[in-house]
Amino acid sequence: MSAHSIFEDAPIGSIVAWSDGTPRPPERFTSKLAAWRNNNSKGRLIRKEPPRIRPTYSSPAGFTLHEADFGSGGVIAIRVHRSFSVDTTLQFTVVERPVPGSVRVFDRASDNAELVHLAPHRAAAEEWLSRHGYPNAVLDDVTADAVAADVVEGRVA
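Model, not experiment: these values are computed from the prediction.

How each quantity is defined
Residues numbered from 1 in each chain as written. Predicted model: local features only at pLDDT ≥ 70, side-chain atom pairs only at ≥ 80, totals over all residues. Heavy atoms only, no water. 1 Å grid on protein atoms, 1.4 Å probe; cavity = no way out; pocket = protein on both sides within 12 Å on 5 of 7 lines; lining within 4 Å. Points joined across faces, edges and corners; volume = space filled by probe spheres on them. Helix = DSSP H or I, 4+ residues; strand = E, 2+ residues; numbered from the N terminus. Contact = heavy atoms within 4.5 Å. Salt bridge = Lys/Arg side-chain N within 4 Å of Asp/Glu carboxyl O. Buried < 20%, exposed > 50% of the residue type's maximum accessible area, 1.4 Å probe, protein only. Polar contact = N/O pair within 3.5 Å; in protein donor to acceptor, adjacent residues only side chain to side chain. pLDDT = per-residue confidence, 0-100. Pairing = 2+ DSSP bridges.

By volume, the largest pocket amounts to about 200 Å³. Looking at the lining of the largest pocket, the elements that each hand over two or more residues are strand S2 (41-49), strand S6 (75-85) and strand S9 (115-119). Ranked by residue count, the leading element in the lining of the largest pocket is S9, at 4 residues.

So, on to the side chain of Asn40. Within the secondary structure, Asn40 is located in the loop between helix H2 (30-38) and S2. Beyond its immediate sequence surroundings of up to four residues, Asn40 is in contact with Trp18, Ser19, Asp20, Gly21 and Thr22.

Here we come to the pattern of salt bridges. Overall, the coordinates contain 10 salt bridges when judged by the stated rule. Arg47 is the salt-bridge partner of Glu114, the closest N and O atoms lying 3.0 Å from each other. One end of the pair, Glu114, is in the loop between strand S8 (103-106) and S9; the other, Arg47, is in strand S2, and 67 residues separate them in sequence. Each of the two residues, Glu114 as well as Arg47, counts as buried. A salt bridge links Arg104 to Asp140, with the shortest nitrogen-to-oxygen separation between them at 2.9 Å. Remark: Asp140 occurs in strand S10 (residues 138-141) and Arg104 occurs in strand S8; sequence separation between them is 36 residues. Note on Arg104: relative accessible area 12%, which makes it buried. You can call Asp140 partly exposed: its relative accessible area is 28%. Ionic contacts of the salt-bridge type, sharing partners, join the residues Arg47, Glu49, Arg52 and Glu114 into one network.

Locating Glu49 in the fold gives a position in strand S2. A distance of 3.4 Å separates polar atoms of two side chains, one belonging to Glu49 and the other to Arg47. A polar atom in the side chain of Glu49 sits 2.6 Å from the side chain of Arg52. What Glu49 contacts, discounting residues up to four positions off in sequence, is Phe7, Ala61, Gly62, Thr64 and Asn112.

This next bit is on the confidence of the model for the protein. In regions of low pLDDT, the predicted coordinates are not meant to be interpreted in detail. The share of residues in the protein with pLDDT of 70 or more is 92%, and the mean pLDDT across the chain is 90. Averaged pLDDT values over the elements of the protein bottom out at 58 in helix H4 (residues 144-152) and peak at 96 in strand S1 (residues 15-19).

Moving on, we come to the pairing of S8. Residues Val103 and Val105 of S8 are buried on one face, and the alternating residues Arg104 and Phe106, pointing to the opposite face, are buried as well. With 4 bridges joining them, S8 and S9 adopt antiparallel strand pairing. Across the sheet, the residue bridging to Arg104 is Leu118, located in S9.

Given below as structure tokens:
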């Protein structure tokens, strides 16, 4: 699946894997393995960005995946996001779609909003939001209709 297909078809909150098609090197080759992991991993789709056209600059559409969090004691010190353009040559696969009934928590209401949490139900989303302080947050229910549309259109992972 191309990056353009992910941008067009994958719902926010999906787990997306990407690959450059090369085989995984053995564990003993640590530097080769680190380079391979850079182009072969997975993350949660948290944002889609439309193309930007400015008088002096233009960029194609793209999307951002949340790859990992690093920290200790319940405190996140580093959050790793990966952004991809729809022009990339990497191949993508939707590994998992958000479950109907789950609730997406966005940081704000806009076309460029970012998913900050995916809760299993509305009560869990509201409880998470009370502890994490996003004053302009928006809750969005994942409906069975959206999942059914993916099945009908042949976009099931």
